[in-house]
Structure formats: structure tokens, C-alpha cells
Amino acid sequence: MKYNGILVVDFGGQYNQLIARRIRENNVYCEIIHYTQCLEQMKTKKPLGVILTDGPSSVYWDNAPMLDEEVFDLGIPVLAIGYGAQMMAHVLGGKVSKSEKGENGRVKLIAGSSKSGLTVHTSQLFEGIAAESMCWMSHYDFIDQLPDDFVETSHTANCPVASMENPDQRLFGLQFHPEVHHTPFGQKLLKNFIFKVCQCETDWKMADFTQEKIDEIRELVGDRKVMCGLSGGVDSSVSAEMVHKAVGDNLICIFVDHGMMRKGEGDRVMDLYSRKMNLIVKRVDASKRFLSKLKGVTDPEEKRKIIGVEFMHVFAEEAKKLSDEGCEIAFLAQGTTYPDVVESGIGPAAMVKTHHNLVRLPEDMPMELLEPLRMLFKDEVRAVGEQLGLDQELIWRQPFPGPGLAIRCLGEVTEDKLRILRDSDVILREEMEKAGLNKSVWQYFTVLPDIKSVGLMGGERTYEHVVGIRAVNSVDGMTSDWARIPYDVLDMISRRIVNEVAGVNRIIYDITSKPPSTIEWE
């Protein structure tokens, strides 16, 4: 640990790794620890600052995660966010209550106290920040009564204590989330904490992570063999290249075509790897077995788990074939990223949805997992790809989920529904490219809700499928906002899908941010 650094104390919130990423963006080292380690780590490592994260608990629950009051008496600056702020207020003698009306999404933040009418920032934490700004909220509990020696530094229309502080002890609490891009001044506020309050130095860089991880893999693997699951996406591609840098030809890549790819996707993926990367890649056609396993399954969590388990079975079978040929596989490498981990509810975080690459290895699969990108976000993964010299076409491919079209096909997955998704997706991509939006919109795709609607085509009544369009802008995949596609482009997409894709008579456009929704529909 290179202290000079910040400890990020994890209470299970969805954005916790994002806080660490924001700190690293400023070339300041940080480490995420579980809240049960907080007091011990503060005493032994003596960090320059501590950030307490949000979490899904309420302070008045039985067994809610708590810190010892001693944490706040060590003289180390503390910035507490969301649940962390509520917990700090509770431990130090304040009161936290449940609101009749929660705040989720963008909210106007107003400087000063709602009681005094003060509308300017006097806090070091808010230095250089406008008196009225938009921030990102996600809460139903609120700080109802301040602890002794704390002052309110901002509020909203529905939250009397949007931020508080004890300036003498350098303790700060925020109800809003400065770490997400939807709080425009958030990075400025975090910089104020890191540099003005904590006096950190800029002595850590992303390149250090890349080389350290390669060296770590090289030392761990030695001369043993590694199998890597490739999907064609940036995560698995960067993971494969990083492992390849470490172990060379001891890496064998497997591309599993599970039958739920986009139109022509399998051929494009293999062509990309043959042209752009010097890897040993084997393509496995497993489409029939995946579709067979999904027959009759409608629950999204069950679908995801079936796909994850089936992937592992395919990898196990391929490893057995290699073993029969005298090539023993010791490790399975995957492109798991932190959004996969946090949404799957690993550790104290609340589960959103199971990701296919976080299914346990079967007992008859005696391999260790290698997940070099497990603690990184999408933009960090791309930064690593740049450092590794990966081709731009691979680095900037749009995200595509490992389970493929199965999680864009609500209800049972059938060949006909997959056809509709493939054909509509092609039209969407063609029109977005024609409009020059393919590089400015982070991700876009079609989705097939498990509903039909009445229509009128050719003068006759129809009862056909509804196709949804989802287009979002994001940086890290943890939060997103819906893309404002021009009406004329949407009009062309709608008319083409209805006229060219059999079985469709209605198009809808998803205009929901993340949160409260997720980017994918399942």
C-alpha cells in the first residue's frame, strides 16, 4: 500500500468501486476494504483520508452495519456518503428517519441551511462549487437531527440535510452521490476532499495497475496453461491480451457461439481475432444445447444462471478434450468487470441480477479463476486496452452482454423471437450509423418485450410483437441516461422495422435512466 492514500470503506452500495475509480483518476492511490476492517486498517495504515460508502441498509435495522465511534476520533478526515453519512450521524448522536417521499435521480442542491436561509457555501468541501447545482440522489432515509458540533451545509426541497460537517474534526457527510457523472460538480468536490482536506499527492497511475497485474499473472501461472473465454467484447479481449502478455502461447482461447448472438456476430468475432490479435482461438458451436436448456424458461434470473452454468460446462468439456491431448488447463480466465460483480450482489452489495461470468466453477472442473479486470469499470478496461496496444476496433466495440440476445428477449427464448431481435437490431445499427450517431451514443440495441399489440397493416387487423429501442449514454456502465435520438431518425428506424421485420407492428422507445432501471431489460 502506497500511503499517501485513501481508504474506501464498503457498506455494499452499488457505486462503491466507482468512488475508488474517481480517486484513481486523480492519480491518488486507494484501497477498498470491508467495513468490519475499518478501525484496524485506519490504525495500522494511517491513511490520509477515509470515505464511507453508501449501502442498502437502514441504520435502525437490526444488525445494520456500524462503525465504532473511535473511527471518528482518530484525527483522520472522513467523507461519508449516503448510508455512510446516516450511519455516522447515528453513531455520533444524531437521528435518522424514514421519509414519506424518497429522492431518486437528479435533484437541485441548495447551499446552506434550509432553516437559516443561508444560500452560499462556506465549507472547504464545497469550495468553487455553485450555490445551486444538480446532484444525484438515491435514498428514502434522511438525517433528521444533526449530531453535536455538526452544521448543515446544503439541502434540497425534500431533504433538510443534504450535506453536513464537523469542520474542526474534518468529518463530512453527504446524502447525494458525488461519484456519479450525473452530479456535475462531484469530481470537484472529491478533489477538494482529496487535495484540500487530506493533502494527498498524485503518485499513482493506471499504467502501474496494468504492468503490476501482468507481473502478478506471470508469477501465479508460471509455465502452466490458461484457457480464456472470449466473447468478442472489449472486456474479454482486454483480459485475453493481458494474460497473453504474461504467459504467451500457454494461453488457449475459446469462443462459445451459444446461438444468441447478433446477425453475423460469430463470423465477425472470429475475423476480428484473426486480423487483430495473435491469439490461439477455437470456436465452439453450442447453439443447440443452450437453446435446449432455455426451452420453456421465462424467469430472467433463471435464464442468466442456466446460461452461466452452461458456459462452464462447455469450458469444462473443452478443457477435458485438451487434457486428453496432453494439455492440462490450470486456469480459466474471464473478462469479469466490477459492474458484473456489484450487480450480482457479491459481498455486501444488494443483488440486481446474476451475471453469467460469476457462476461458480463445477466441482469436476479443477481450475483456478483468473479475472484480471474484476476491479475495473468499462472506461478503465478500455484504458488498459490502449496501454496494451489493442486495436481500436476491439477497444471501442459497444458492450454486448455475455448471455447475448437471451436477456433482450423477455419471456421464453425462441428461434422466431431471436430472428425478430436480429433483424430489428441490424436496422437500428444501420440507421444510427447513417445518422452519424454510432460513435456519440454509448450503447444501443433492440429488445423484445413479451407482449403483443393490436395494429392495422394492409387494411387488416394485426396482433403482433412490440419491439423496444434502448439507447443510452454512460461512461462506466454503473449509471446511464437515455440518449436523445432525433425524432426523424427514430421515425425512420420505426418505419423500417415495422415494414421489414415480419411479426412486428409497434415500436417503443425506452426513456429511463439507470437507476432506477438497468441498461439491459433482464
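Before reading on, note that the structure itself is shown above.
All values derive from a computational prediction rather than experimental measurement. All residue numbers refer to positions counted from 1 along the written sequence of the respective chain. It should be noted that, the model being predicted, local features are given only for residues of pLDDT at least 70 and side-chain atom pairs only at 80 or more, the latter also being counted only at that level, while totals for whole chains, interfaces and linings use all residues. Calculation of side-chain values draws on the structure's entire complement of heavy atoms; hydrogens and water are dropped beforehand.

A.B. asks: What should I look at first to understand the overall build of the protein in this one?
C.D. replies: Helix and strand definitions here come from DSSP, where helices need a minimum of 4 consecutive H or I residues and strands a minimum of 2 consecutive E residues; each element is numbered from the N-terminal end. Along its length, the protein carries 14 helices and 19 strands. The C-alpha atoms of the protein give a radius of gyration of 25 Å, which matches the 24 Å a tight globule of 522 residues would have. By sequence separation, contacts in the protein at least 24 residues apart represent 75% of the contacts at least 6 residues apart. For the protein, the accessible area works out to roughly 21900 Å², and carbon and sulfur atoms hold 49% of it. In this count, Lys and Arg are taken as positive residues and Asp and Glu as negative ones, while His and the chain termini are left out. A single reference atom marks each charge: NZ on Lys, CZ on Arg, CG on Asp, CD on Glu. The protein carries 60 positive and 77 negative side-chain charges, and their two centres are separated by 5 Å. The atom set for the radius of gyration is the C-alpha atoms, and the globule formula is 2.2 Å times the number of residues raised to the power 0.38. Contact definition: two residues touch when any of their heavy atoms are within 4.5 Å. Note on areas: Shrake-Rupley, 1.4 Å probe, and residue coverage restricted to the protein chains presented here.

A.B. asks: Looking at this structure, I do not really get the sheet that holds strand 4 (residues 78–81). What am I missing?
C.D. replies: Across a sheet, strands are paired by hydrogen bonds formed along the backbone, either parallel or antiparallel in direction. Within the open sheet, the 9 strands sit side by side as 2-1-3-4-9-8-7-5-6. Their pairing is mixed. On the outer flanks of this sheet lie strand 2 (29–34) and strand 6 (132–145), each paired with one strand and no other. Each adjacent strand pair in this sheet contributes to an overall mean axis angle of 20 degrees, direction not counted. With 4 bridges joining them, strand 1 (residues 5–10) and strand 3 (residues 49–52) adopt parallel strand pairing. Each bridged residue has a counterpart across the sheet, and for valine 9 the counterpart in strand 3 is leucine 52. Of the strands in this sheet, strand 1, strand 2 and strand 3 are in contact with helix 2 (residues 38–45), which crosses strand 2 at around 145 degrees. For two strands to be treated as a pair, DSSP must find no fewer than two bridges joining them. With axes taken as lines fitted to C-alpha atoms, and helix axes fitted only over the stretch in contact, angles between N-to-C directions fall between 0 and 180 degrees.

A.B. asks: I tried to follow the pairing of strand 3 on my own but got confused; where do I start?
C.D. replies: Regular strands have side chains that alternate between both faces of the sheet. Across the two faces of strand 3 the burial is the same, with Gly49 and Ile51 and Val50 and Leu52 all buried. Relative to strand 4, strand 3 runs parallel, the two sharing 3 bridges. The residue of strand 4 that forms the bridge with isoleucine 51 is leucine 79. The rule is simple: take the accessible area with a 1.4 Å probe, protein chains only, and divide by the maximum for that residue type; under 20% is buried, over 50% is exposed, in between is partly exposed.

A.B. asks: Would you mind going over the pairing of strand 12 (residues 281–285) with me for this structure?
C.D. replies: Both strand 11 (residues 251–257) and strand 12 contribute to a ladder of 5 bridges, which runs parallel. Bridge assignment links valine 256 to a residue of strand 12, and that residue is valine 284.

A.B. asks: Sorry, what's going on with the side chain of histidine 177 here?
C.D. replies: Relative to the assigned elements, histidine 177 resides in the loop between strand 9 (171–174) and helix 4 (186–197). The exposure class of histidine 177 is buried, given its relative accessible area of 1%. Throughout this description, a polar contact denotes any pair of N or O atoms lying within 3.5 Å of each other; where both atoms belong to protein, one of them has to be capable of donating a hydrogen while the other can accept it, and for residues adjacent in sequence the pair is counted only when both atoms sit in side chains. In terms of polar contacts, histidine 177 uses its side chain to reach the side chain of aspartate 54, at 3.4 Å. Setting aside chain neighbours within four positions, we find histidine 177 in contact with Tyr15, Asp54, Ile81, Trp136, Ser138 and Thr183.

A.B. asks: Can you walk me through the pattern of salt bridges in this structure?
C.D. replies: Note that side chains of opposite charge can pair when their charged atoms are close. A carboxyl oxygen of Asp or Glu within 4 Å of a side-chain nitrogen of Lys or Arg is what we treat as a salt bridge. Within the structure shown, the criterion is met by 39 salt bridges. Here arginine 24 ties to glutamate 380 by a salt bridge, and the two come within 2.9 Å at their closest N and O atoms. Here arginine 24, found in helix 1 (residues 16–25), pairs with glutamate 380, found in helix 11 (residues 378–388); they are 356 residues apart in sequence, far enough to count as distant. With a shortest N-O distance of 3.5 Å, aspartate 450 and lysine 417 are connected by a salt bridge. Of this pair, aspartate 450 sits in the loop between strand 15 (443–447) and strand 16 (452–457) while lysine 417 sits in helix 13 (residues 415–434), and the two are 33 residues apart along the sequence. You can call aspartate 450 partly exposed: its relative accessible area is 48%.

A.B. asks: Explanation requested: the environment of methionine 206 in the structure shown.
C.D. replies: By secondary structure assignment, the location of methionine 206 is in helix 5 (residues 206–221). The class for methionine 206 is buried, based on a relative accessible area of 17%. Remark: the alpha-carbon pair of methionine 206 and alanine 383, spanning 177 residues in sequence, is separated by 8.0 Å. Residues contacting methionine 206, with those up to four places away along its chain left out, are Leu376, Glu380, Val384 and Gln387.

A.B. asks: Quick question: what am I supposed to make of unusual backbone geometry here?
C.D. replies: For lysine 46, which is not a glycine, the phi torsion comes out positive at approximately 45 degrees. Mapped onto the elements, lysine 46 comes out in the loop between helix 2 and strand 3.

A.B. asks: Mind showing me how you'd approach the layout of surface pockets here?
C.D. replies: One number sums up the size of the largest pocket: a volume of about 780 Å³. Buriedness for pockets is judged along seven lines, at least five of which must meet protein on both sides within 12 Å for an open set on the 1 Å grid over protein atoms alone, while cavities are sets there where a 1.4 Å probe fits but cannot get out, and lining residues have an atom within 4 Å of a point. What lines the largest pocket is a set of 24 residues, and nearest its centre among them are Trp396, Arg397, Gln398, Arg429 and Glu433. For the lining of the largest pocket, the secondary structure elements donating two or more residues are helix 7 (265–276), helix 12 (392–395) and helix 13. Across the lining of the largest pocket, the residue classes tally to 6 nonpolar, 4 polar and 14 charged. Grid points are joined across faces, edges and corners, and a volume is the space filled by probe spheres set on the points. In this count, Pro and Cys sit with the nonpolar residues alongside Ala, Val, Leu, Ile, Met, Phe, Trp and Tyr, while Asp, Glu, Lys and Arg are called charged and the others, Gly among them, polar.

A.B. asks: Teacher, can you tell me more about the side chain of aspartate 10 here?
C.D. replies: Its location among the elements puts aspartate 10 in strand 1. Here aspartate 10 occupies a buried position and makes no salt bridge, while the nearest side chain of opposite charge, arginine 374, is found at 11 Å. Within the structure, the side chain of aspartate 10 is placed 2.7 Å from the backbone nitrogen of glycine 12, a separation counted as a polar contact.

A.B. asks: In this structure, what is going on with the nonpolar core? I would like to understand it.
C.D. replies: By convention a nonpolar core is built from buried Ala, Val, Leu, Ile, Met, Phe, Trp, Tyr and Cys residues, the set being connected through side-chain atoms within 4.5 Å. Core analysis: the biggest nonpolar cluster contains 90 residues, and Val226, Leu251, Met260 and Phe315 have the highest contact counts within it. Considering every element that reaches this core, the biggest residue donor is helix 9 (residues 300–324), with 9 residues. When neighbours within four sequence positions are excluded, leucine 251 is seen to be in contact with Val226, Met227, Cys228, Ala240, Val243, His244, Leu279 and Ile280.

Geometric values such as these leave the question of function open.
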